[in-house]
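# Residue-level structure breakdown
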Amino acid sequence: MTADIRTFDQISAGDVEMVGGKGLSLGLMAAAGLPVPPGFCITSESHRRDRRGGISTSLRQSILEAYRALRSGLVAVRSSATAEDGAVASFAGQQETILGVSGEADVCDAVAKCWASLDSERAKAYREKQGVGEMAMAVVIQKLVPAEVAGVLFTHDPLAPHSDRMLIEASWGLGESVVSGRVTPDRFVVNRDSGQALERHLGRKTIERTAEGEREVSTERQSQLCLNDEQLLKLAELGRRVEEFYHQPRDVEWAWAGGQFWLLQARPITTADSGDREKIRREEIEALRAKADPSGTVWGRFNLSEVLAEPTPMTWAIVRRFLSGAGGYGKMFEDLGFPPDPSLADECGYDLVCGRPYMNLSREPRMQWGDLPVHHAFAGLKADPAAVPYSAANFRTEGASFMQKVRMIWRSIRGGAKYQARSKSFAQTFRTKTIPEFVAETTAAMKEDWSKLDPAALLKKLDYWIERTLVTFARDSLKPTAFAAGSIATLHRTLDGPLGPDRARLAVAELTTGVHPDADADLPGALADLAATRIDRAAFVEKFGHRGSGEMELSEPRWNEDPQTLDRVISSAGATGGDHSHSDITSRVVQDAKLTISQASSLRSELDKLRTALALRETGKHHLLRGYALIRRALVELDRRHRLNGGIFFLTPDELPAILLGEDVTQRIAERRKRRAVALSLEAPPALFSDDLDAIGRPVPPPTGATTFKGVPLSAGVAEGPAMVLTDPHAPAPAMDAYILVCPSTDPSWVPLFAKAKGLVMETGGVLSHGAIVAREFGLPAVAGLPDVVRLLQNGQRIRVDGNSGTVVLL
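As a starting point, this report considers the structure included with it. Fair warning: this is a prediction, and the values are worked out from it, not measured in the lab.

A separate point is the packing of aromatic side chains. The geometry of two aromatic rings is summed up by the distance between their centres and the angle between their planes. Enumeration over the complete set of coordinates arrives at 14 aromatic pairs. A centroid spacing of 5.7 Å and a plane angle of 45 degrees characterise the contact between F540 and W559, whose relative ring orientation is tilted. Of this pair, F540 sits in helix α20 (residues 537-544) while W559 sits in the loop between α20 and α21 (566-572), and the two are 19 residues apart along the sequence. Each member of the pair, F540 together with W559, is buried. Stacked on the ring of F689, the Lys or Arg K382 has its end atom at 5.6 Å from the ring centre. Its guanidinium or amino end placed over the ring of W450, R633 lies 4.4 Å from that ring's centre, counting from NZ or CZ.

The next subject is the pairing of strand β23 (residues 739-743). Most of β23 sits inside the fold, with five of its five residues counted as buried. Here β23 shows two buried faces, one formed by Y739, L741 and C743 and the other by I740 and V742. By the bridge criterion, five bridges tie β23 to strand β24 (residues 757-762) in an arrangement that is parallel. What sits directly across from I740, in β24, is G759.

Contact geometry for helix α17 (residues 479-499) and helix α18 (residues 501-511): axes closest at 8 Å, N-to-C directions at 135 degrees. The angle between the axes of α17 and α18 places the two elements in the oblique class. As α17 packs across α18, the resulting crossing turns out to be right-handed. Residues I488, L491, H492, L495, D496 and L499 of α17 touch α18, and the partners they reach there are P501, R503, A504, R505, A507 and V508. Here the contact of α17 with α18 is composed, by residue class, of eight nonpolar, one polar and three charged.

The subject of this paragraph is the sheet that holds strand β8 (residues 186-191). Strands sit in the order β9-β8-β7-β6-β12-β13 across an open sheet of six strands; the sheet is antiparallel. Each of the sheet's edge strands pairs with one partner strand only, and the pair in question is β9 (197-201) and β13 (260-268). The average angle at which neighbouring strand axes cross in this sheet is 20 degrees, direction not considered. Where β8 and β9 come together, four bridges link them in antiparallel fashion. Bridge assignment links F188 to a residue of β9, and that residue is R200. Sitting on the sheet, helix α8 (residues 229-246) touches β6 (149-154), β7 (165-172), β8, β9, β12 (250-257) and β13, and the angle it makes with β13 is about 40 degrees.

Attention now moves to the sheet that holds strand β16 (residues 356-360). Backbone hydrogen bonds hold the strands of a sheet together, and the pairing may be parallel or antiparallel. The four strands are arranged β15-β16-β14-β19 in an open sheet whose pairing can be described as antiparallel. Of all strands in the sheet, those bounded by a partner on one side alone are β15 (350-353) and β19 (687-689). With strand direction ignored, the average angle separating the axes of adjacent strands in the sheet is 35 degrees.

Calculation rules
Residues numbered from 1 in each chain as written. Predicted model: local features only at pLDDT ≥ 70, side-chain atom pairs only at ≥ 80, totals over all residues. Heavy atoms only, no water. Phe/Tyr/Trp six-rings, centres within 6.5 Å; stacked < 30°, edge-to-face > 60°. Helix = DSSP H or I, 4+ residues; strand = E, 2+ residues; numbered from the N terminus. Buried < 20%, exposed > 50% of the residue type's maximum accessible area, 1.4 Å probe, protein only. Lys NZ or Arg CZ within 6 Å of the ring centre and 35° of its normal. Pairing = 2+ DSSP bridges. Axes fitted to C-alpha atoms, helices over the stretch in contact; angles between N-to-C directions. Parallel < 35°, antiparallel > 145°, perpendicular 65-115°, else oblique. Left-handed = near helix turned anticlockwise from the far one by under 90°. Contact = heavy atoms within 4.5 Å. Nonpolar A, V, L, I, M, F, W, Y, C, P; charged D, E, K, R; others polar.

This is the structure:
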């Protein structure tokens, strides 16, 4: 053999970079006397050397010599990338596997296909999601086991990992039908010590794969379990031997042929189990308990969660500073005469609950009212959780001291006077001075070449633009929101009496329709113009390229980085409405409310202020995002230099100096990715109360009249979202984010669609199919075993997938 080829008996424990995770596992198991079909490995060095020019003549000769040593015949050709089947990511099915290859020319062609699969769309999407960087490809070639039955075995049941159960899935023929999800396999739960069957579930084994191709399974065999008790005993014994060899649980692919079991693969279980979920659930509860007020705290998921639903650690650390007392949000209140409580200098009004921002209603009033006794009504909100998003904090007079009452009156008078004074002159100064200065500075920065900066200078750029954008500029760009809130409150005071609170709320909403940002910041209008080809793409990107989908999340690309992401947005862009009927609506509201001439004049004056504030709020956000894009630019450049593959967004700003000193943060990033995925899979109610924190992870009952489908649980967790129903991974997909993917089954070609998915629903598939394994790695709740679900559900229908119970609810 040459240096390009390693037979299984030539592979040792330190060879993972040479033979990849799969090759290493097979070589070590073969050396340990486990039943591994004979084979050899083409090393990753040959791939690094020949990948661009193709298989060289000398490598081809070496491959064919090794193939002949196997006595030719049918073989399986499998990828074994250098990070594959590792402890962090399984890469289940992301690279190529070709079964039933025969003949020297076809073997070499199969090797070339394995190499090419490393650069496939699905493999790139998987690596990006998992934060895995550059890889090289080794290739395993083995004698093909002519399997009568094949499947997969978890030596610890992934749905009950701390029990004494093993989980087995099996189907007729080669194992490809099981791992691809093309069938719903037979499922067996066995006692891990004795091998005795505890549960048997008949699947839907309608097809089987053989070396000659795919064929239908007869009706008689479909209704027959494909493993008997004696085989289950032997398979459990083999699973125990594999686990004993590795000293940890393993996900095993196996085949039954000629009266014995063969091992085809054994990889670490990379997914979070129920123990991990419970540990993280308890951590979340304890963290919130430490933040709760002794008198009771309510957390509500609203406001910020609409634009930043699930922030990465880097984004949250930066946004948290932005919203703190010392950030732009706190400075805005200070400028308007309502300085925050000094204890909130490094704290904001939000907490992360299972990876999602929730407003802390005990802390939020202190941002405006300092240490004065201003509170939300805990008991009232507990009685009516639906009222949490609309709750208003009030001064609690009972128990307040005389001095506190005096301070409250003085603060209100002083702050009100300062607020009124600022509101009168703000719009002119903001439009003619604040915005132009910020635009000029950000424009100049966008033209700079930061790739030439040394690391320390780049870190200074990051710190500068966080301060300049989210403190200095934000303290002004956030003021229109405060002015708008004041005007809305004034309009409600005018209309609540004559119209009632509910009709008044609708009237105010009507009165503010048709408000547009200033022309240079009118994104909806520009998108409509772009969709109607009234402006060209280059002009749009020049003006709005710093914007993007999910733009408050720093890990999301901007449109000027990846203009193709505009296509989906353009396709859903419509014409924007004008405000031509504004005066008619105002006249109708005045008439309905029976306002006097004086009251009507005051209403129109306040409405003008409100519409100006709403326009400036969007204008300010548009320009703030210019600086925000520069923050992302610095992070992306640091990520590129240190080859973190997006991992920088799982760090925090205070950890960046250590990277510049060479600290290895790979494991920390992997752990945070996994923890975040698990946390996001935990169910959390829209309103959470400190006396019932165990509501985290508690299933929410389906609404009355909801339709429930019962299937097989594949991946734990609960998620809600619109259904994206597809039968082909390459078909045009509806324009939506945070969807539940609904499909017949998933093979690796579906993985790019997993990146934006919140959950997975399949007609067929088992716990150990490629789709199920990847869903668990990505933290997606998943359910299968739902025949005709792609016909029963429609695009856009809101559904809840519960991977704990195996149910899908049409809400």
